[in-house]
Amino acid sequence: MNAKKRRSDTGFLMQGSILAMASIISRIVGLIYRVPLTATIGKTGNDYYGTAYEIYNIILLISSYSIPLAVSKLVSARIAKGHIKDATKVLHGALLFAFISGGIASIIVFFGAEFFTGTVLKTPLAAIALKVLAPTLLVVAILGVFRGFFQGLGTMIPSAISQIGEQLVNAVVSVVAATILFSYGKKVGGVLGNVSDYAAAFGAAGGTLGTSTGALFALCFIIFIFFAFKKVLKRMVKKDRHKHFETFGDILPVLIMTIIPVLLSTTVYNISSIIDQGIFKNLALLQGYDSKVTSESWGVFTGQYKVLINVPLAIASSMAASTVPSLTAAFNSNDKDVVKRQINAANRFVMVIAFPCAVGLMVLASPIMLLLFNDAESSSALMLIIGGCSVVFYSLSTLSNGILQGIDKMTIPVKNALIALVAHVALLFVLMEVFKLHIYAVIIANAFYALMMCFLNQSAVLRFSGARIDVKKVVLAPLEASALMGLVVYLVYHMLDAILVIGMSEKVANLFACVISIVVGAVVYFVAMLLFKGIDEETLLKFPGGTRLCQIAYNLHLLR
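Residues numbered from 1 in each chain as written. Predicted model: local features only at pLDDT ≥ 70, side-chain atom pairs only at ≥ 80, totals over all residues. Heavy atoms only, no water.

**Some words on the overall build of the protein chain**
Using the following cut-off: Starting at the N terminus, helices and strands are each numbered in turn, a helix being any DSSP run of H or I of at least four residues and a strand any DSSP run of E of at least two. Only C-alpha atoms enter the radius of gyration, while the globule expectation follows 2.2 Å times N to the 0.38, with N the number of residues. Remark: exposure states derive from per-residue accessible area (1.4 Å probe, protein chains only) relative to the maximum for the residue type, with buried under 20%, exposed over 50%, and partly exposed in between. The contact criterion used is simple: two residues touch if any of their non-hydrogen atoms lie within 4.5 Å. Each accessible area value is a Shrake-Rupley result obtained with a 1.4 Å probe; residue values ignore everything except the protein chains displayed when judging cover.
Counting its regular elements, the protein chain contains 21 helices and zero strands. Since a compact globule built from 560 residues should have a radius of gyration of about 24 Å, the 24 Å found for the protein chain is in line with a globular shape. Buried positions account for 55% of the 560 residues belonging to the protein chain. Expressed as a percentage of contacts within the protein chain between residues at least 6 apart in sequence, the contacts between residues at least 24 apart total 82%. Total accessible area on the protein chain is roughly 23200 Å²; 71% of this is exposed by carbon and sulfur atoms.

Next comes the structure, spelled out in C-alpha cells:
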C-alpha cells in the first residue's frame, strides 16, 4: 500500500471520526436534556412530543433529508475532477431545490397538523407541538445543502461544529420553554377541563421549540462559515480551467435524479416508525387497552428507549455520511482497492462501537432507566433488554445504506427497505393480534426489520464492491470482547449496588454503581479487543486519541 493511499484511508476515517464524535456529543446532549424534559412533561408529554417528531421526521425525509448526501456526492465527484465551477452550481441548484421543497413541506405540516396527529395517529393534542416544528423543515432543508457542500469538499468540521451547537441550543431552549409552556398549559387545561393533558401538550410544544431554535442557530453558523470560506472558494474557481461547464439545466436534473433514489431509500428505511405508531395505537384501542396506558407505553418507547438506542447509532450515521464522498471519488476513479479497504475500515470502526453499546444497554437496562429517567418499572427495562440487539443491526444497515449510495447502487437500498418493511409490518400484526404483546411487539418487529436490512444491504455491498469482510476481526472479536465485558459489568454493578445501598439511598447507590461499572467495562473491553486480536495499532491510530491509546496498550504489553 503506497503512502498516498494510506493518507486517503486515514483521512476518510478521521473525517468520519470527527463527525462521529460530534454526533455522539450531540446525542449525549440530547439524552441529557431529555431527562429534565421527561421529568417536566411526563410519559404522556413524551407521547405528544414523539408523535409530533415522527410526523416531522417523515415529512423531513420526503422533503429534504436526502439533500446533504446527494449534494456531497455530486460535489465530491466534481471536485475529484477539478471542476470547481460545476461544484458551485450544484450548491446553487440545491439551495433553490431546498427552498422550494422545504417551504412546501412547512406549509403542509402547519395546516395539516390536526389531520396527521388526530385522524392518522389518534393523538390530537400533539398538533400543538407539530405546528411549532413546521417552520423547521425549511430551515433544515437549507442547512442540509451547506452541510452537504462542505462534506463534498472533504471536510466534516463545519457540519460537526454546527451539529453540536444546534443540540446545545436545542437542549437549553427545550427545557426552559417546556417548563414555561407546561405552566401555561395548566391554565389552558383548567379552562377547558383537562389540566394534565393540556399541560403535557404545551410542554411538548416547548420541547419542539428547542428543535426549531437549534436548527436556526446551526444555519446562521454554517452560513457565517460559508462566507468566511468564500475567498478560498473564489481562488479555487479561478484555477478551474476546464472548458465544458455544466449549466443549471444540466445540474438540476442530475441533482433531482440523485436525490430521488436517496429520498426513497431513506423514506422507506425510516417510515416504519410512523407505521408502527399507527398500527400499534389503533390495534391497542381495538383490543381494549386503556388509552392512557397505550399513550404512556408509546411515550416510554419514543422518549426513553429510542433516545438511548439512537446514541450509538450516531456512529453509523456519521460513518455513512463520511463514506459517501470518499467512496464516490474512489469509485469514479475506478480504484477498486481503495473502495474495498474503505468498506472494511468503515465496517470495523462501526462494529467496534456497536457491539459493546448493545451489550451494555441490555445488561444495565434497569439501572440506566432508573438513573436517567427515574423509571423503575420492569416493563421499561424489558424494552432495552429485548431491543438492545437492534443497535448492531441498525448500525450495520445504516452504514451499508451509505456505502451502496457511494458506489452508485442507490436503488438497491430502496428495494431492500421495501422487502424488510413488508415483512416487518406482517410480523407486527402477528405479534399484536396473535400473541398480544402490546408495546413489545413493536420492539421485536423493529429489531427484525433492522436484521433484515442488515442482511440484505450487506449482501449487496459484498456482491457489488467485491469486498470481503474479515469476520474474525469485524464480528467475532468485538462480540467475544463485548460478552466478556457484559459479564464483568453485570457482576461489578450488582456487587457495588448491594454494598453501597447499605449506606446511601437507592438512587445514589445506583448512580455510583452504574458509573463505576461502565468505566470498568470500557477498560475490560479495550483489553479484551487487544487480546482477541480484534484491533491493531494501525486501526487504533485512526480513532480519536489513537496515539494515546496505542501508548497505553504498549505499556500494558498488549501491543508488540
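Having seen it, we continue.
**A closer look at the nonpolar core**
Formally: Within this scheme, the nonpolar core is defined by two criteria: the residues are buried Ala, Val, Leu, Ile, Met, Phe, Trp, Tyr or Cys, and they are joined through side-chain atoms within 4.5 Å.
Among the nonpolar cores identified, the biggest contains 88 residues, and Phe301, Leu308, Met351, Met383, Leu384, Ile439 and Leu530 are the most heavily contacted of them. With near-sequence residues (within four places) excluded, Met351 lies in contact with Pro356, Val392, Ser395, Leu396, Val474, Pro478 and Tyr525. Ala105, Leu137, Ala141 and Phe150 belong to the second largest nonpolar core, which has 66 residues in total.

**So, the packing of helix H12 (residues 336-363) against helix H18 (residues 471-500)**
The cut-off we apply is this: Helix axes are fitted to C-alpha atoms over the stretch in contact, other axes to C-alpha atoms as well, and angles between N-to-C directions run from 0 to 180 degrees. Any angle that is under 35 degrees is reported as roughly parallel, and any over 145 degrees as roughly antiparallel; angles of 65 to 115 degrees are reported as roughly perpendicular and all others as oblique. It is the rotation of the near helix from the far one that decides the hand of a crossing: anticlockwise by less than a right angle makes it left-handed, clockwise makes it right-handed. Gly falls in the polar group here, along with every residue not listed as nonpolar (Ala, Val, Leu, Ile, Met, Phe, Trp, Tyr, Cys, Pro) or charged (Asp, Glu, Lys, Arg).
Between H12 and H18, whose axes approach to 9 Å, the crossing angle comes to 25°. By the criterion of interaxial angle, the relationship of H12 to H18 is roughly parallel. You can see that H12 and H18 cross each other, and the crossing is right-handed. Where H12 approaches H18, its residues Asn347, Arg348, Met351, Phe355, Pro356, Val359, Gly360 and Val363 are matched on the opposing element by Lys473, Val474, Val475, Pro478, Leu479, Ser482, Met485, Gly486, Val489 and Tyr490. Taken together, the residues of the contact of H12 with H18 sort by class into 12 nonpolar, four polar and two charged.

**Re unusual backbone geometry**
Phi is positive for Lys122, close to 55°, though the residue is something other than glycine. In this structure, Lys122 sits in the loop between helix H4 (113-120) and helix H5 (127-133). Although it is not a glycine, Lys533 adopts a positive phi angle of roughly 60°. Mapped onto the fold, Lys533 is located in the loop between helix H19 (506-531) and helix H20 (537-540).

**A short note on the packing of helix H3 (residues 84-111) against H4**
Two elements in contact, H3 and H4, have axes whose closest approach is 3 Å; the angle formed by their N-to-C orientations is 55°. In terms of axis orientation, H3 runs oblique to H4. Counting all contacts with H3, which are made through Ile108, Val109, Phe110 and Phe111, the residues of H4 involved are Ala113, Glu114 and Phe116. Here the contact of H3 with H4 is built from residues that sort into six nonpolar, no polar and one charged.

**As for the environment of Phe111**
Within the fold, Phe111 resides in helix H3. Judged by relative accessible area, which is 64%, Phe111 ranks as exposed. Along the backbone, Phe111 and Tyr440 are 329 residues apart, and their C-alpha atoms lie at a distance of 34 Å.

**Some remarks on a nonpolar patch on the surface**
Put simply, the test is: Excluding any residue in a salt bridge, patches collect residues exceeding 30% relative accessible area, merging like charges within 9 Å and nonpolar Val, Leu, Ile, Met, Phe, Trp and Tyr side chains within 5 Å. Should a side-chain nitrogen of Lys or Arg be within 4 Å of a carboxyl oxygen of Asp or Glu, the pair is scored as a salt bridge.
Residues Leu371, Met504, Val508, Leu511, Phe512, Val515, Ile516, Val519 and Val523 make up a contiguous nonpolar surface patch of roughly 690 Å² in combined accessible area. Sort the elements by how many residues they give to the nonpolar patch and H19 lands first, with seven residues. Looking at the element boundaries, Met504 is found in the loop between H18 and H19.

**Overview of the pattern of salt bridges**
Per the counting criterion, the structure on display carries seven salt bridges. With a shortest N-O distance of 3.7 Å, Asp375 and Lys43 are connected by a salt bridge. Of this pair, Asp375 sits in the loop between helix H13 (365-373) and helix H14 (378-387) while Lys43 sits in helix H1 (residues 3-65), placing them 332 residues apart in sequence. You can call Asp375 buried: its relative accessible area is 4%. Note that Lys131 is salt-bridged to Glu114, the shortest N-O span being 2.9 Å. Highlighted residues: Lys131 in helix H5 and Glu114 in helix H4, separated in sequence by 17 residues. Overall, Glu114 belongs to the partly exposed group, its relative accessible area being 43%. Taken together, the shared-partner salt bridges in this structure form one network comprising Lys43, Asp375 and Glu377.

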